[in-house]
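Read off the chains here:
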Amino acid sequence: LAYTVDGTPVNVRLRFPVTVSKFMQPVRVAASEFFSRWKTVAGPPQKVQQVLQTAQAWSVQALEAMVQAFGLGVCPGLDPNPSNVVAAGNFLDSGNPVLCMVRIEVDAANPHHLRLTVASHNEILSPAMHDLLAKTGLRGHPQ
C-alpha cells in the first residue's frame with residue numbers, strides 16, 4: 001500500500017487477510033469500568049450476541065488463549081461463573097481507541113454450547129469482532 005502524507009511518500013507492506021484483530025490492543029479493565037460501559041451499549045449492531053454449538057468442548061484455558069490470539073486481554077474475575085471468559089481490547093481507530101468487550105459463556109450442562117457476546121460503541125467493530133471470533137476462533141479446534 002502506498003500513499004502520501006503531507007508530501008511524504010509512505011509505503012506500507014500489508015499481510016492479508018487484514019482483520020479487525022490486527023488493530024486491537026489487549027487491555028485489562030476493572031470490573032467497575034467494564035460493567036458501566038457494558039450497560040451503556042444498547043443492542044445490535046453495537047452489541048452482538050449468538051449461541052454457538054462447537055464440535056468440541058472448550059476449556060477456560062483454551063478460550064482465554066483464543067481471545068488473546070485475536071488481540072484481546074483476558075479480564076479474570078469479572079464474571080461470577082469461573083467457566084466464563086471476559087476479555088477486552090482497544091481498537092485503535094485514528095488515534096481514538098474504542099473499547100471492545102467480549103463475554104463467552106459456557107453452558108454448564110453442555111460445554112459444546114457457548115454464548116458469545118461482543119459489545120462496543122462502534123456499530124462496525126462489534127459485528128466484525130463477533131464474526132471473527134464466531135467463524136474463525138470458536139469454529140476452530142480448542143487447544
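It should be noted that the structure appears before, not after, this text.
In this report, we go over the structure that sits alongside the text. (Residues numbered from 1 in each chain as written. Predicted model: local features only at pLDDT ≥ 70, side-chain atom pairs only at ≥ 80, totals over all residues. Heavy atoms only, no water.)

Structural notes on the pairing of strand β2 (residues 8-11)
By the bridge criterion, four bridges tie strand β1 (residues 2-5) to β2 in an arrangement that is antiparallel. Looking at β2, one finds that alanine 2 is bridged to asparagine 11. The turn linking β1 back onto β2 is made up of two residues, and aspartate 6 within it adopts a positive phi angle of 50 degrees. (Pairing = 2+ DSSP bridges. Helix = DSSP H or I, 4+ residues; strand = E, 2+ residues; numbered from the N terminus.)

Structural notes on a nonpolar patch on the surface
Residues Leu1, Tyr3, Val5 and Val12 make up a contiguous nonpolar surface patch of roughly 350 Å² in combined accessible area. Mapped onto the elements, valine 12 comes out in the loop between β2 and β3 (24-26). Here valine 12 falls in the partly exposed class, since its relative accessible area comes to 30%. (Patch = residues over 30% accessible without salt bridge, like charges linked within 9 Å, V, L, I, M, F, W, Y side chains within 5 Å. Areas by Shrake-Rupley, 256 points an atom, 1.4 Å probe, with all protein chains shown as cover. Salt bridge = Lys/Arg side-chain N within 4 Å of Asp/Glu carboxyl O. Buried < 20%, exposed > 50% of the residue type's maximum accessible area, 1.4 Å probe, protein only.)

Some words on the nonpolar core
In this structure, Leu63, Met66, Leu116 and Leu133 are the most contacted members of the largest nonpolar core, which totals 27 residues. Of all elements in the fold, only α2 (60-69), β6 (85-93), β7 (96-106), β8 (113-119) and α3 (125-137) reach the threshold of two or more residues within this core. In terms of nonpolar packing, the next biggest core, distinct from the first, is built from 12 residues, Val41, Cys75, Val86 and Ala119 among them. (Core = buried A, V, L, I, M, F, W, Y, C linked by side-chain atoms within 4.5 Å.)

Some remarks on the side chain of glutamine 46
Here glutamine 46 shows up in the loop between α1 (31-40) and β4 (47-53). Separated by 3.4 Å, the side chain of glutamine 46 and the backbone oxygen of histidine 121 make a polar contact. Excluding its chain neighbours within four sequence positions, the residues that come into contact with glutamine 46 are Val41, Val118, Ala119, Ser120, His121, Asn122, Glu123 and Ser126. (Polar contact = N/O pair within 3.5 Å; in protein donor to acceptor, adjacent residues only side chain to side chain. Contact = heavy atoms within 4.5 Å.)

With respect to the packing of aromatic side chains
Summed over the entire model, instances satisfying the criterion amount to two aromatic pairs. Ring centres of phenylalanine 34 and phenylalanine 35 lie 5.4 Å apart, and the angle between their planes is 80 degrees; this geometry places the pair in the edge-to-face category. For phenylalanine 34, a relative accessible area of 1% corresponds to the buried category. When the centroid spacing of 5.5 Å and the interplanar angle of 20 degrees are considered together, the rings of phenylalanine 34 and tryptophan 38 count as stacked. (Phe/Tyr/Trp six-rings, centres within 6.5 Å; stacked < 30°, edge-to-face > 60°.)

Notes on the pairing of β8
Residues in a regular strand point their side chains to alternate faces of the sheet. Counting buried residues along β8, five of its seven residues qualify, which places the element largely inside the surrounding structure. Two strands pair when backbone bridges link them, and β4 and β8 are joined in this way by seven bridges, in the antiparallel orientation. Paired with lysine 47 across the two strands is alanine 119, which belongs to β8. Of the pairings in the sheet, the one linking β7 to β8 comprises six bridges and is antiparallel in character. Bridge pairing in β8 links glutamate 105 to arginine 115. With antiparallel pairing between neighbouring strands as the criterion, β7 and β8 make up a hairpin whose turn holds six residues.

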